[in-house]
Amino acid sequence: MTASRRLDALLAEGVGFVAGVPCSYLKTFFAGCAGLPESAFLPAVREDHAVAACAGAWLGGTRAAAVMQNSGLGYCLEVLASLHLIYGMPLPMVVSDRGDPNDFEEHRVLGQRARSLLDLFDIPWAEARPGAEAADAGWLVAAAEKARRPAVLLIGKGADS
Amino acid sequence: MTRAEAVARVLPLLADEDIVVAADGAISREAYRAMDRPRTFYMVGSMGQVASIALGLAMTRMERVVALDGDGNLLMGLGGLALVGGMRPPNLYHLVLDNGCYATTGGQPALSREVDLAAVAAGAGYAWARRCFSAEHAGEALDAWLAAPGPAFLDLAVDASADDPAPRVPMTPEEMADRLRAALAT
């Protein structure tokens, strides 16, 4: 058990490697990551490197998940497009859902377009439901594995647990 | 020594179980032409991510992971160098085939003649990092790199002159991923 129920739910789905960049909406998830063995968590310096490291872990036979703020989707996009989406790499992604009209300006432009961006690249996404950690993790891993592509669980304020 | 000659020189030095991540562009194509092996991952895109892909493998596998990188490629994703240096996986061996330019796209100059990549790697935390800009010492440098404690980094200068172009790897990206996954599952 880690400090995060969402992380525990992903581990229960067979995830053995996590890479990501912190977000203030994901403090609990990252507190959980801090409790993982050193070989199972990569505190990445930018989101593109996080998803690329997940690709490496998956090639080696380990189910890998990425975690980031939705602004990181921009940094990731080229890697998702020219690595995961063409090699058929499943990638469960835990992504904060920032950018509502009350959020700071710097989160709004990409945040309010994140769903459209994911739709444009045929990346399945769902909103996390508070208290439904196991079901959300089950959907996320199955969606990524079945389609052999990235899938995104959006974590809104209050859904980080 | 051209880049293709350097690639052809390195691959036979590796053990069969070593895992290779070959950079997108000419390096992957030359690695395939020189010595295809089931444990090589051939990148076709995602420039700048050679070290990060290798790191994901090195953190989750016991075997040695060899990253065959380019100078322009590494400069695009220099954060990957910080990740390897910071995580210090002892089984990661990083080689930069440094021609000082973007050869795949027509030879436009890269900043690698101004930036000492080995010094950056050493500063990032690699256990061993060297630069070899002399062709006559390339063989010794490669041997020393592979014998060094990991993570080890070698910035090896190669001629910028055009090699005989190698054809694209005749597998789909999905076939390449599945082949490596299958080789590592046995």
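Residues numbered from 1 in each chain as written. Chains lettered and ligands numbered in written order. Predicted model: local features only at pLDDT ≥ 70, side-chain atom pairs only at ≥ 80, totals over all residues.

Student: Account for the overall build of chain B, naming residues and giving values.
Tutor: Scanning chain B for helices and strands turns up eight helices and eight strands. At 15 Å, chain B has a C-alpha radius of gyration in line with the 16 Å of a compact globule built from 186 residues. Overall size of chain B, expressed as C-alpha extent along the three principal axes, is 40 × 35 × 30 Å. Out of the 186 residues belonging to chain B, those deemed buried represent 49%. Taking contacts inside chain B between residues at least 6 apart in sequence as the whole, the part at least 24 apart equals 72%. (Helix = DSSP H or I, 4+ residues; strand = E, 2+ residues; numbered from the N terminus. Rg over C-alpha atoms; globule rule 2.2 N^0.38 Å. Buried ≥ 20, exposed ≤ 12 C-beta atoms within 10 Å, placed from the backbone. Contact = placed C-beta atoms within 7 Å.)

Student: Provide a residue-level description of the overall build of chain A, including the pertinent values.
Tutor: Of regular secondary structure, chain A possesses seven helices and six strands. For chain A, the α and β elements follow one another from N to C terminus as α-β-α-β-α-β-α-β-α-α-β-α-β. Taken against the 2.2 N^0.38 rule, which gives 15 Å for 161 residues, the C-alpha radius of gyration of chain A at 14 Å falls within 12% of a compact globule. Considering only C-alpha atoms, chain A reaches an extent of 40 × 35 × 30 Å along its principal axes. Counting only residues that meet the buried cut, chain A has 53% of its 161 residues in that class. A sequence separation of at least 24 residues applies to 78% of the contacts in chain A between residues at least 6 apart.

Student: Would you mind going over unusual backbone geometry in detail, with residue names and values included?
Tutor: The peptide bond linking Gly150(B) to Pro151(B) adopts the cis configuration, its omega dihedral lying at 0 degrees. The phi dihedral of Arg148(A) falls on the positive side, at around 50 degrees, and the residue is not glycine. As for its position among the elements, Arg148(A) is in the loop between helix 7 (133-147) and strand 6 (150-155). Residue Ser46(B) is not a glycine yet carries a positive backbone phi of 50 degrees.

Student: Quick one: what's the story with helix 4 (residues 72-87) of chain A, residue by residue and with numbers?
Tutor: Residue and element names in this part refer to chain A. Along its 16 residues, helix 4 runs 21 Å from first to last C-alpha, staying within 8% of the 22 Å computed at 1.5 Å per residue. The sharpest bend along helix 4 comes to roughly 55 degrees, located at Leu80. Along helix 4, the residues that are buried comprise Gly72, Leu73, Cys76, Val79, Leu80, Leu83, His84 and Tyr87. Gly88 lies just past helix 4 and shows a positive phi near 70 degrees. (Expected span 1.5 Å × (residues − 1). Bend = angle between axes of the 7 residues up to and from the residue.)

Student: Outline the confidence of the model for chain B, supporting the account with residue identities and numerical values.
Tutor: Chain-level statistics for chain B give a pLDDT mean of 96 and a share of 99% at 70 or above. Here the predicted complex scores 0.98 on pTM and 0.97 on ipTM. (pLDDT = per-residue confidence, 0-100.)

Student: Explain the pairing of strand 3 (residues 63-68) of chain A residue by residue, including any values.
Tutor: Residue and element names in this part refer to chain A. Here strand 3 lies mainly inside the structure; six of its six residues are buried. Examined bridge by bridge, strand 1 (residues 15-20) and strand 3 share five bridges and lie parallel to one another. Paired with Val18 across the bridge in strand 3 is Ala65. Relative to strand 4 (residues 91-96), strand 3 runs parallel, the two sharing three bridges. In the strand pairing of strand 4, Ala66 is matched with Met93. (Pairing = 2+ DSSP bridges.)

Student: So, the sheet that holds strand 3 of chain A: which residues are in play, and what are the values?
Tutor: Residue and element names in this part refer to chain A. Spatial strand order, 2-1-3-4-6-5: six strands in an open sheet with parallel pairing. The strands lining the two open edges of the sheet, one partner per strand, are strand 2 (41-43) and strand 5 (125-127). Pairs of neighbouring strands in the sheet enclose a mean axial angle of 20 degrees, with direction left out of account. Lying over the sheet, helix 3 (residues 47-59) contacts strand 1, strand 2, strand 3 and strand 4, oriented at roughly 170 degrees with respect to strand 3. (Axes fitted to C-alpha atoms, helices over the stretch in contact; angles between N-to-C directions.)

Student: So what's going on with the interface of chain A and chain B? Residues and values would help.
Tutor: Counting from both sides, the interface comprises 27 residues of chain A and, opposite them, 27 residues of chain B. Secondary structure elements with two or more residues in the side of chain A that touches chain B: helix 3 and helix 4 of chain A. Among the elements that line the side of chain A that touches chain B, the one with the most residues is helix 3 of chain A, at nine residues. Residues that form the side of chain A that touches chain B fall into these classes: 16 nonpolar, eight polar and three charged. (Nonpolar A, V, L, I, M, F, W, Y, C, P; charged D, E, K, R; others polar.)

Student: Before we move on, can you summarise the sheet that holds strand 3 (residues 65-70) of chain B with the specific residues and values?
Tutor: Strand pairing in a sheet is mediated by backbone hydrogen bonds. Such pairs are either parallel or antiparallel. All names here are of chain B. Ordered in space as 2-1-3-4-8-7, the six strands form an open sheet in which the pairing is parallel. What marks the edges here is a single partner per strand, and that holds for strand 2 (40-42) and strand 7 (128-132). Strand-to-strand twist across the sheet, computed as the mean angle between neighbouring axes with direction ignored, equals 15 degrees. In this structure, strand 1 (residues 19-22) lies alongside strand 2, joined through three bridges in parallel fashion. Bridging from a neighbouring strand, Ala22 pairs with Tyr42 of strand 2.

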